[in-house]
Amino acid sequence: MTAAAPPDDSNTPATPPGPASEGAFSLPLTRLTWADPFRWLRLGLRDFLRAPFIGLFYGSAFMVMGWALLKVYENAPAYLLALAAGFLLMGPVLCLGLYRVSQLLERGEQPDFGDSLLAFESRIGPLALFGMVLLVLEMIWGRAALVVFAVSFDGMPDFKGSLLALVNPENLGFIVAYLSVGAIFAGLIYSISVISIPMLLDRSTDAVTAALTSLRLVLTQPGVMLLWGALLTGLIVLAMLPWFAGLTVVAPVLGHASWHAYRAALGPSPQ
């Protein structure tokens, strides 16, 4: 499979891309610039406008999932806070269909809604394994958050009370502990997933190689990737404020943009 990168999304790799069988530590990574994350956003918006109905479907799904999250966990605020944060980081899996749309647009083909829904079929094994790893990390994160609440308060506060606890200076110890736990898990999940899912969709590679390649990208170019992570988080948080309604547009734009982030980091697939 050959995917020709569009002219305005082409970064020249430091070395030519190797064969698909190369390991995580031998795949060449492009040297990214501070302007790249903003270009990815622009390209993501372009893809959304080229297939708006597909994008709106996935965006609406994100919004409904946000509502369901609030409903299911309204009596378990500790889990809600952790899972809401994890909701931001599960995006690479949930946006798989959007990656497929960007892949087809990049190749000059017309995206198909049904094809986007079934994008996982060709790589179901590695994708399922990677999804399970993220799910386990999410569950551990939620449990760790619950422990932090349990040792910090007498009884579990309600959802409103838990939010107030996070901004009350008198709870400095709790705030530091909670944010530290969140930062550890968020950093780990982001690092192993930022380009992994589009890589698994696009290349004949395994989940471990994809995760390690993503981690290597973050560790070798931390500045740009931290900026990208901050943009993703900030935009999604803003989109969630009006009862998750902003996700109908923001989520698909970021999904498409994440495909271009992968493309910029690794270039076209050598398959």
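Here the structure is a predicted model, which is why all the values come from computation and not from measurement.

Caption draft 1: Broad picture of the overall build of the protein chain. A tally of helices and strands in the protein chain yields 13 helices and zero strands. When its helices and strands are written in sequence order, the protein chain yields α-α-α-α-α-α-α-α-α-α-α-α-α. Buried residues in the protein chain amount to 50% of all 271 residues. Within the protein chain, contacts between residues at least 6 apart in sequence are counted, and of these 78% link residues at least 24 apart.

Caption draft 2: Structural detail: the UniProt feature "transmembrane region" (unreviewed entry) in the protein chain. Under the feature "transmembrane region" (unreviewed entry), the UniProt entry names residues 48–70, 76–99, 127–152, 172–201 and 222–245. Annotation note: span residues 172–201, helix share 93%, strand share 0%, distance between end C-alpha atoms 43 Å. Taken end to end, residues 222–245 is 79% helix and 0% strand, and its first and last C-alpha atoms sit 31 Å apart.

Caption draft 3: View of helix 5 (residues 96–106). Extensive coverage of helix 5 is indicated by the burial of eleven of its eleven residues. If you check which residues of helix 5 are buried, you get Leu96, Gly97, Leu98, Tyr99, Arg100, Val101, Ser102, Gln103, Leu104, Leu105 and Glu106. Among the residues trailing helix 5, glycine 108 stands out with phi positive, at a value near 80°.

Caption draft 4: Representation of the packing of helix 7 (residues 124–152) against helix 9 (residues 172–193) within the structure. One way to put it is that helix 7 packs onto helix 9 with a least axis distance of 9 Å and a crossing angle of 175°. Considering the angle they form, helix 7 stands roughly antiparallel to helix 9. On the side of helix 7, the interface is formed by Phe130, Val133, Leu134, Leu137, Glu138, Ile140, Trp141, Ala144, Ala145, Val148, Phe149 and Ser152, while helix 9 contributes Phe174, Ala177, Tyr178, Val181, Gly182, Phe185, Ala186, Leu188, Ile189, Ile192 and Ser193. Split by residue class, the contact of helix 7 with helix 9 holds 19 nonpolar, three polar and one charged.

Caption draft 5: View of the pattern of salt bridges. Applying the stated criterion to the full structure yields six salt bridges. Between arginine 39 and aspartate 36 there is a salt bridge; the shortest N-O distance is 2.5 Å. Here aspartate 36 and arginine 39 lie together in helix 1 (residues 36–50), a separation of three residues that amounts to about one turn. For the residue pair arginine 39 and aspartate 36, the accessibility class agrees, reading buried in each case. Where aspartate 202 meets arginine 263, a salt bridge forms, and the shortest distance between an N and an O atom there is 2.7 Å.

About the criteria used
- Residues numbered from 1 in each chain as written.
- Predicted model: local features only at pLDDT ≥ 70, side-chain atom pairs only at ≥ 80, totals over all residues.
- Heavy atoms only, no water.
- Helix = DSSP H or I, 4+ residues; strand = E, 2+ residues; numbered from the N terminus.
- Buried < 20%, exposed > 50% of the residue type's maximum accessible area, 1.4 Å probe, protein only.
- Contact = heavy atoms within 4.5 Å.
- UniProt positions renumbered as here; feature names shortened; annotations may be inferred.
- Axes fitted to C-alpha atoms, helices over the stretch in contact; angles between N-to-C directions.
- Parallel < 35°, antiparallel > 145°, perpendicular 65-115°, else oblique.
- Nonpolar A, V, L, I, M, F, W, Y, C, P; charged D, E, K, R; others polar.
- Salt bridge = Lys/Arg side-chain N within 4 Å of Asp/Glu carboxyl O.

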